[in-house]
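Here's the letter readout for the chains.
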Amino acid sequence: MSQVNAIGLNSAKSEDIIESLNSLLSSYQIQYMNARGFHWNIKGRNFFELHIKFEEIYNLLLLKVDEVAERILTLDGAPLHAFSDYLEVSKIKEAKGISDGVAAVENLLAGYSVLIKMQREILSQAADADDEGTASLMSDYISEQEKLVWMLKAYLD
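Residues numbered from 1 in each chain as written. Predicted model: local features only at pLDDT ≥ 70, side-chain atom pairs only at ≥ 80, totals over all residues. Heavy atoms only, no water.

Heads up, the rule is: UniProt positions are given in the numbering used here, feature names are shortened, and annotations may be inferred rather than shown by experiment.
Taking an unreviewed UniProt entry as the reference, the chain is identified by name as Starvation-inducible DNA-binding protein belonging to Pseudoalteromonas translucida KMM 520. Looking at the Sequence similarities (unreviewed entry) heading of the UniProt record, one finds this comment for the chain: "Belongs to the Dps family."

Written out as structure tokens, the structure is:
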């Protein structure tokens, strides 16, 4: 008989989800820092609108960083919390020295595409483990970010 954790989920399946969530957490942290850097360093004709938009985006990302870490804890895991770990585990790369609005938006768009793909994979894992809490979180993130991807693409067009 398989072991269950404190919230009644299969412990082995939860461990796999925790590993995936830590990868997602790491990717969120890098996407957050990229958006923060774009907010600080943006220049050019669209400065005012992008400066505000990047702040909105990094605030949304920061909220998700906290929610993902808390979900890992709920599953009896330990969230990664060192930037050296984030850099090693993240599927999103650091963006340095970008002050051009188009390049910044393209970078965020690529990052969100990675996050959505990761979240779909975690959604599938969570469904297989009957982990409604993680599945619901991923579903909410995917819906929100698909709309944001549409908006970022519309900006670039």
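As for the side chain of Arg71
Spelled out, the test is: For the purposes of this entry, the term helix denotes a DSSP run of H or I that reaches at least four residues, the term strand denotes a run of E that reaches at least two, and both are numbered from the N terminus. Burial classification: accessible surface area is computed with a 1.4 Å probe over protein chains only, and a residue below 20% of its type maximum counts as buried, one above 50% as exposed, and the rest as partly exposed.
Structurally, the position occupied by Arg71 is in helix α2 (residues 47-74). For Arg71, a relative accessible area of 14% translates into the label buried.

Examining the nonpolar core
Here is the rule: We call a set of buried residues a nonpolar core when its members are Ala, Val, Leu, Ile, Met, Phe, Trp, Tyr or Cys and they connect through side-chain atoms within 4.5 Å of each other. Here, residues are in contact when the closest pair of their heavy atoms is within 4.5 Å.
Membership of the largest hydrophobic core comes to 43 residues, with the highest contact counts inside it found for Leu21 and Leu24. Elements that contribute at least two residues to this core include exactly α1 (11-41), α2, α4 (101-128) and α5 (132-156). Considering each element in turn, this core owes the most residues, 10 residues, to α1. Leave out the neighbours within four places in its chain, and Leu24 touches Val68, Leu115, Met118, Gln119, Ile122 and Met138.

So, the packing of aromatic side chains
To be explicit about the condition: Two aromatic rings from Phe, Tyr or Trp, using only the six-membered ring of Trp, form a pair when their centres are within 6.5 Å; if the ring planes differ by under 30 degrees the pair is stacked, by over 60 it is edge-to-face, and anything between is tilted.
With the rule as written, the count across this model stands at five aromatic pairs. Each ring, one from Tyr28 and one from Tyr141, has its centre 6.0 Å from the other, and the planes form 80 degrees; the classification is edge-to-face. Of the two residues, Tyr28 sits in helix α1 while Tyr141 sits in helix α5, which places them 113 residues apart along the sequence. Neither residue differs from the other here; Tyr28 and Tyr141 are each classed as buried. Aromatic pair Tyr32 and Tyr58: ring centres 5.9 Å apart, planes at 90 degrees, arrangement edge-to-face.

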